[in-house]
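Report on the structure
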Amino acid sequence: MAKFMDVHDGFFGVTAEQLNAAHDADLKIEGEEGVHFEHAWLDPEAGKVFCLSTGPSKEAVMRVHERAGHPTTQVFELTTEV
């Protein structure tokens, strides 16, 4: 499985509870696309959310986020790790 990091914009002032609810929405349907969301991080001052996942493709990650209600086109495949 490939590893991906994606970025969501516009999450200013979001709370940890709201981030958890968005992450749970992904987890509920991730298996339908063969994706697994491992972690999510929030920077509420910058309005950014970062998600780490594994899955078959960038498009599969994007479909889960779209269906869960927080779409993004900023999905990056992580091909090198040190």
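The preceding data block contains the structure.
In what follows, the accompanying structure is described.

Each value, and the rule that gives it
- Residues numbered from 1 in each chain as written.
- Predicted model: local features only at pLDDT ≥ 70, side-chain atom pairs only at ≥ 80, totals over all residues.
- Heavy atoms only, no water.
- Helix = DSSP H or I, 4+ residues; strand = E, 2+ residues; numbered from the N terminus.
- Polar contact = N/O pair within 3.5 Å; in protein donor to acceptor, adjacent residues only side chain to side chain.
- Contact = heavy atoms within 4.5 Å.
- Core = buried A, V, L, I, M, F, W, Y, C linked by side-chain atoms within 4.5 Å.
- Buried < 20%, exposed > 50% of the residue type's maximum accessible area, 1.4 Å probe, protein only.

**Observations regarding the side chain of His-65**
Along the chain, His-65 falls in helix 2 (residues 58-68). Here the side chain of His-65 touches His-8 through a polar contact of 3.4 Å, side chain to side chain. If sequence neighbours within four positions are ignored, His-65 has contacts with Asp-6, His-8, Asp-26, Phe-37, Cys-51, His-70, Pro-71 and Thr-72.

**Comments concerning the side chain of Glu-33**
Position of Glu-33 relative to the elements: it lies in the loop between helix 1 (16-29) and strand 2 (36-43). Side-chain polar atoms of Glu-33 contact the side chain of Arg-63, separated by 2.9 Å. If sequence neighbours within four positions are ignored, Glu-33 has contacts with Pro-56, Ala-60, Arg-63, Val-64 and Arg-67.

**Examining the nonpolar core**
Considering soluble globular proteins, one finds that nonpolar side chains tend to be buried as a cluster. Judged by nonpolar contacts, the single largest core of 13 residues is most densely connected at Phe-4, Val-35, Phe-37, Val-61 and Val-64. Put simply, the parts of the chain that give this core at least two residues each are strand 1 (2-8), helix 1, strand 3 (48-55) and helix 2. Looking at this core element by element, the count peaks at 4 residues for helix 2. For Phe-37, the contacting residues outside a window of four places in its chain are Asp-6, His-23, Asp-26, Leu-27, Glu-30, Cys-51, Leu-52, Ser-53, Val-61, Val-64 and His-65.

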